Amino acid sequence: MIQISPSMLSCDFAFMGQQAQAMEQAGADMLHLDVMDANFVPNLTFGAPVIKCLRRVSDMVFDVHLMIREPLKYVEDFAKAGADLLTFHLESDSDPQQTIQAIRRQGIKVGIALKPGTPAQQVLPYLDQVDMVLVMTVEPGFGGQSFRPETMDKLELLHQEILSRGLSVDLQVDGGITNETAKVAAAHGANILVAGSALFSQKDYGKAVADLRNSAMSAQ
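To keep things clear, this report deals only with the structure shown in the data block. Everything numeric in this text was worked out from a predicted model, so none of it was measured. (Residues numbered from 1 in each chain as written. Predicted model: local features only at pLDDT ≥ 70, side-chain atom pairs only at ≥ 80, totals over all residues. Heavy atoms only, no water.)

### Digging into the overall build of the protein chain
Here is step 1 of the chain: Tallying secondary structure elements over the protein chain gives 8 helices and 8 strands in all.
Here is step 2 of the chain: Taking 17 Å as the expected radius of gyration for a compact globule of 220 residues, we find that the protein chain reaches 16 Å, a close match to that expectation.
Here is step 3 of the chain: When the 220 residues of the protein chain are sorted by exposure, 52% land in the buried category.
Here is step 4 of the chain: Contacts in the protein chain between residues at least 24 apart in sequence constitute 66% of all its contacts with a sequence separation of at least 6.
Here is step 5 of the chain: Counting every atom, the protein chain has about 9400 Å² of accessible surface; 48% of that belongs to carbon and sulfur. (Helix = DSSP H or I, 4+ residues; strand = E, 2+ residues; numbered from the N terminus. Rg over C-alpha atoms; globule rule 2.2 N^0.38 Å. Buried < 20%, exposed > 50% of the residue type's maximum accessible area, 1.4 Å probe, protein only. Contact = heavy atoms within 4.5 Å. Areas by Shrake-Rupley, 256 points an atom, 1.4 Å probe, with all protein chains shown as cover.)

This is the structure in structure tokens:
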């Protein structure tokens with residue numbers, strides 16, 4: 001089953017709550033919330049206080065992507081703010097094992113993200129301890145970038161590893177996802193698609209979500 005996670009980085013922040021509700025009504029499965037610290041990535045977005053406010057107006061699954069230098073320090077803050085799934089970068093300064101355990105202690109799901117240049121092999125030791133792996137199909141930090149097809153080899157490797165081990169681990173892709181690239185990602189094993197401008201630029205969110213999901217499902 002393909003799940004759609006609209007990236008709130010592409011919403012109009014003046015109407016963030018309303019647009020979150022609109023995506024829920026449009027049939028999206030979760031909301032992707034990009035937290036950037038202007039250190040790990042060259043951009044600054046929002047933190048736990050904004051997510052806490054958004055939680056008051058949305059019951060959707062909050063798919064929180066931490067693009068920050070020391071995620072371990074902030075696990076509890078984001079869990080309390082309302083994160084349902086907390087994804088940290090393998091390339092961050094925090095110890096992966098400790099970060100996984102800290103997220104588990106909060107009773108929420110764990111994800112690990114990989115930048116385009118990070119080999120899939122580096123996440124394999126943790127594969128049976130997480131709920132999701134996020135394969136970045138662009139360099140993290142800014143929305144609107146073009147999809148990098150070379151990242152599909154990594155996605156395919158992870159997909160085959162998950163199958164061979166009999167694991168129940170989701171594969172998420174983020175970056176440059178459109179109706180066309182969604183097909184490519186789904187064909188290589190992705191089942192959660194993060195899309196920003198491809199959804200928020202459309203007038204009819206319901207049609208945009210459905211079209212993206214159907215495009216991906218046609219390639220599975």
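There's more to say after this.
### Brief notes about the packing of aromatic side chains
Here is step 1 of the chain: Evaluated as defined, the whole model comprises 2 aromatic pairs.
Here is step 2 of the chain: Summarising the aromatic geometry, the rings of F13 and F46 are spaced 5.9 Å apart at their centres and angled 70° between planes, so their arrangement reads as edge-to-face. With F13 in the loop between β1 (3-6) and α1 (16-25) and F46 in the loop between β2 (30-36) and α2 (48-55), this pair connects stretches of sequence that are 33 residues apart.
Here is step 3 of the chain: Measuring from ring centre to ring centre gives 5.7 Å for F200 and Y205, while their planes differ by 80°; the resulting arrangement is edge-to-face. Here F200 matches Y205 in class, with each residue buried. (Phe/Tyr/Trp six-rings, centres within 6.5 Å; stacked < 30°, edge-to-face > 60°.)

### A word on helix α4 (residues 96-105)
Each α-helix winds once per 3.6 residues, and so residues spaced three or four apart point in a common direction.
Here is step 1 of the chain: For α4, every residue scored as buried is listed here: P96, T99, I100, A102 and I103. What you see down the axis of α4 is that its buried residues fit within an arc of 165°, all on one side.
Here is step 2 of the chain: Those residues of α4 that are buried are in contact with α3 (75-81), β4 (85-89) and β5 (109-114).
Here is step 3 of the chain: Its side-chain oxygen at 3.2 Å from the backbone nitrogen of Q97, D95 defines the N-terminal cap of α4.
Here is step 4 of the chain: Just downstream of α4, G107 is the residue with a positive phi angle, here 75°. (Arc of directions from axis to C-beta. Polar contact = N/O pair within 3.5 Å; in protein donor to acceptor, adjacent residues only side chain to side chain.)

### Observations concerning the state of the cysteines
Here is step 1 of the chain: On inspection of all chains with the given rule, the structure shows 0 disulfides.
Here is step 2 of the chain: Cysteine C11 shares no disulfide, and the gap to the nearest cysteine sulfur, in C53, comes to 14 Å.
Here is step 3 of the chain: Judged by its relative accessible area of 41%, C53 falls in the partly exposed class. (Disulfide = S-S within 2.5 Å.)

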